[in-house]
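One-letter residues, chain by chain:
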Amino acid sequence: MKKYVRKAVLDLKAYEVNDAGYSIKLDANEGIDWYDGLNRYPDNQAVKLVKALSDVTEKKESELIVGNGSSELIELILKTFLEPQEYVVSIDPTFSMYKIFTTIYNGKYEGYKLVDNQYCDIEDFIEFISKMKAKIVILSNPNNPTGSFIEKESIEKILKGSDAIVVIDEAYIEFSSGSVIDLINEYENLIVLRTFSKAYAVAGIRLGYLAANESIVKYIKRVKSPYNLNAISQEIGLKALDSIDVVNKNIELIKEEREKVWKSLYKLGLNPIPSYANFILFQGDDKLNDYLKSFGILVREFGGDLKGYIRVTIGTREENDKVIEKIGRYYNEKCPN
Ligand code: PMP
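What you see is a predicted model, and the numbers here were worked out from it, not measured in a lab.

Asks: Account for helix α5 (residues 122-131), naming residues and giving values.
Replies: The set of residues buried in α5 consists of Ile 122, Phe 125, Ile 126, Phe 128 and Ile 129. Mapping the buried residues of α5 onto a view down its axis gives an arc of 155°, with all of them on the same face. Exposed residues pointing more than 90 degrees away from the buried face of α5 are listed as Glu 127 and Lys 131. The inward-facing, buried residues of α5 abut β2 (87-92), β3 (108-113), β4 (136-140) and α6 (152-161). Where α5 begins, the side chain of Asp 121 points an oxygen toward the backbone nitrogen of Glu 123, at a separation of 3.3 Å. Backbone geometry just downstream of α5 places Lys 133 in the positive-phi region, at approximately 50°.

Asks: Go over the nonpolar core, please, and point to the residues and values.
Replies: Of all hydrophobic cores here, the largest spans 72 residues; its most connected members are Val 66, Phe 125, Val 137, Leu 139, Leu 190, Phe 196 and Ile 327. No fewer than three residues from each of domain 1 (2-242) and domain 2 (245-330) sit in this core. Among all residues touching Ile 327, those that are not within four sequence positions of it are Leu 265, Leu 268, Leu 270, Phe 282, Leu 288 and Leu 292. Ranked by size, the runner-up nonpolar core spans 30 residues in total, among them Met 1, Ile 165, Leu 210 and Ile 216.

Asks: Pulling in residues and values, what's your account of the domain arrangement of the protein?
Replies: Here the protein is described as being made up of domain 1 (2-242) and domain 2 (245-330). Taking only C-alpha atoms into account, the centre of domain 1 sits 28 Å from that of domain 2. Listed per partner, the contact involves 21 residues of domain 1 and 18 residues of domain 2. Surface buried jointly by domain 1 and domain 2 totals about 1600 Å² across both partners, of which 62% is contributed by carbon and sulfur atoms. Of all residues in domain 1, the largest losses of buried area upon contact with domain 2 belong to Asn 117, Pro 145 and Phe 175, amounting jointly to 36% of the total for that side. Linking domain 1 to domain 2 there are 1 salt bridge. For the interface between domain 1 and domain 2, the tally reads 5 residue pairs in polar contact (both at pLDDT 80 or more).

Asks: I'd like a description of the sheet that holds strand β10 (residues 309-313), backed by residues and values.
Replies: Strand order in the open sheet formed by 3 strands is β8-β10-β9, and the pairing between neighbours is antiparallel. If you trace the sheet from one side to the other, it starts and ends with β8 (279-283) and β9 (300-301), each paired once. Looking at chain direction, β8 and β10 are connected through 5 bridges and run antiparallel. Residue pairing for β10: Ile 280 is matched across the bridge by Val 312.

Asks: Break down the pairing of strand β7 (residues 207-212) for me, with residues and values.
Replies: Counted residue by residue, β7 has 6 buried out of 6 residues, so it is predominantly covered. Residues Leu 207, Tyr 209 and Ala 211 of β7 are buried on one face, and the alternating residues Gly 208, Leu 210 and Ala 212, pointing to the opposite face, are buried as well. Alignment of strand β1 (residues 64-68) against β7, held across 5 bridges, turns out to be antiparallel. Residue pairing for β7: Ile 65 is matched across the bridge by Leu 210. In this sheet, β7 lies alongside strand β6 (residues 190-195) in antiparallel orientation, the contact comprising 5 bridges. Paired with Thr 195 across the strands is Gly 208, a residue of β7.

Asks: With reference to specific residues and values, describe the site of the ligand.
Replies: Around the ligand lies a shell of 14 residues, among which Ser 70, Ser 71, Asp 169, Thr 195 and Ser 197 are the nearest. With respect to the ligand, the backbone of Ser 70 contributes an N or O atom lying 2.7 Å from an oxygen atom. Between the ligand and Thr 195 there is a distance of 2.6 Å, counted from an oxygen atom to a side-chain nitrogen or oxygen. For the ligand, whose accessible area on its own is 400 Å², the fraction buried by protein is 90%. Considering every element that reaches the shell around the ligand, the biggest residue donor is helix α3 (residues 69-81), with 3 residues. When the residues that make up the shell around the ligand are grouped by side-chain class, the tally is 4 nonpolar, 7 polar and 3 charged.

Asks: How would you summarise a nonpolar patch on the surface if you had to cite specific residues and measurements?
Replies: Residues Trp 34, Tyr 35, Leu 38, Ile 232 and Ile 236 make up a contiguous nonpolar surface patch of about 580 Å² in total accessible area. With respect to the secondary-structure elements, Leu 38 resides in the loop between α1 (7-10) and α2 (47-57). By relative accessible area, which is 41% here, Leu 38 ends up partly exposed.

Reading guide: rules and limits
Residues numbered from 1 in each chain as written. Predicted model: local features only at pLDDT ≥ 70, side-chain atom pairs only at ≥ 80, totals over all residues. Heavy atoms only, no water. Buried < 20%, exposed > 50% of the residue type's maximum accessible area, 1.4 Å probe, protein only. Helix = DSSP H or I, 4+ residues; strand = E, 2+ residues; numbered from the N terminus. Arc of directions from axis to C-beta. Contact = heavy atoms within 4.5 Å. Polar contact = N/O pair within 3.5 Å; in protein donor to acceptor, adjacent residues only side chain to side chain. Core = buried A, V, L, I, M, F, W, Y, C linked by side-chain atoms within 4.5 Å. Domains from an automatic or database assignment. Buried area = accessible area lost by both parts, 1.4 Å probe. Salt bridge = Lys/Arg side-chain N within 4 Å of Asp/Glu carboxyl O. Pairing = 2+ DSSP bridges. Near = heavy atom within 4 Å. Areas by Shrake-Rupley, 256 points an atom, 1.4 Å probe, with all protein chains shown as cover. Nonpolar A, V, L, I, M, F, W, Y, C, P; charged D, E, K, R; others polar. Patch = residues over 30% accessible without salt bridge, like charges linked within 9 Å, V, L, I, M, F, W, Y side chains within 5 Å.

Rendered as structure tokens:
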């Protein structure tokens, strides 16, 4: 594992917080309480939350790190492993922040083009990884914005066939199956990312977590800012885990609605990509976005190679019906038959 770690990090120690018992606490320059104990810094290791996550994921507490959204964890991974000019590779199209973060950390970035925006030739991708001498491979799986999915067997081929840190960003995994979180102790170079922003539907608290073997976790903790996850997020995160029944019900609803929306888009001839996430990418056109906006409906349009494509999130039944109705009306008005 050591061979992957940035030189600067090899000499660092993780920030240690003094958590001895006390009757008077005057060691951290905190203020006088006026709001429910929030004068205190939060638990640096988020012990309660990590314990609860350990139960849910069946991973050891020492194999988990929580962060301010999975975005923070992506940054921590780059800070731990990526030296300037080293390559991060992913698929294309994918989540745009991978490239942006890589650029911020002075790395180089290359995306491997998916066939028809959905299929990945794994053997060829493995060759691409080795040709680029990638230090880090990062894959959104399911993939944002295409909704496509790379099967677990293929991820294992990548893990076996490449000498890079392999980050599997499972932000949308709850809408699919085939997580690789159970493999973190089989592959020393595997990191799995999860978020509370999608299926758990608490994007407002900015909570994500990372699972990897203890050795990786120890190095990443060296670059983590002290107290990175605030007290309120730690508390609501626990509540979200406690509310798994509501969360699961909503996941089921979204999956049903996803089928319905996909079929409607398909019937309109808009080539929706089969989705394993809570959104669908389809071929609209340049004007559809503005048309929907005129009704106060926001969807995501893209430029570049995805010009004309629209990504629509699966919302409530009423929201989805409305969007489908407007898209249908747009195409009927455009070319009435
Ligand atoms: N990864 C992927 C693939 C995403 O789509 C997103 C959010 N759009 C994130 C990570 C970031 O999520 P978070 O809210 O946990 O920072």
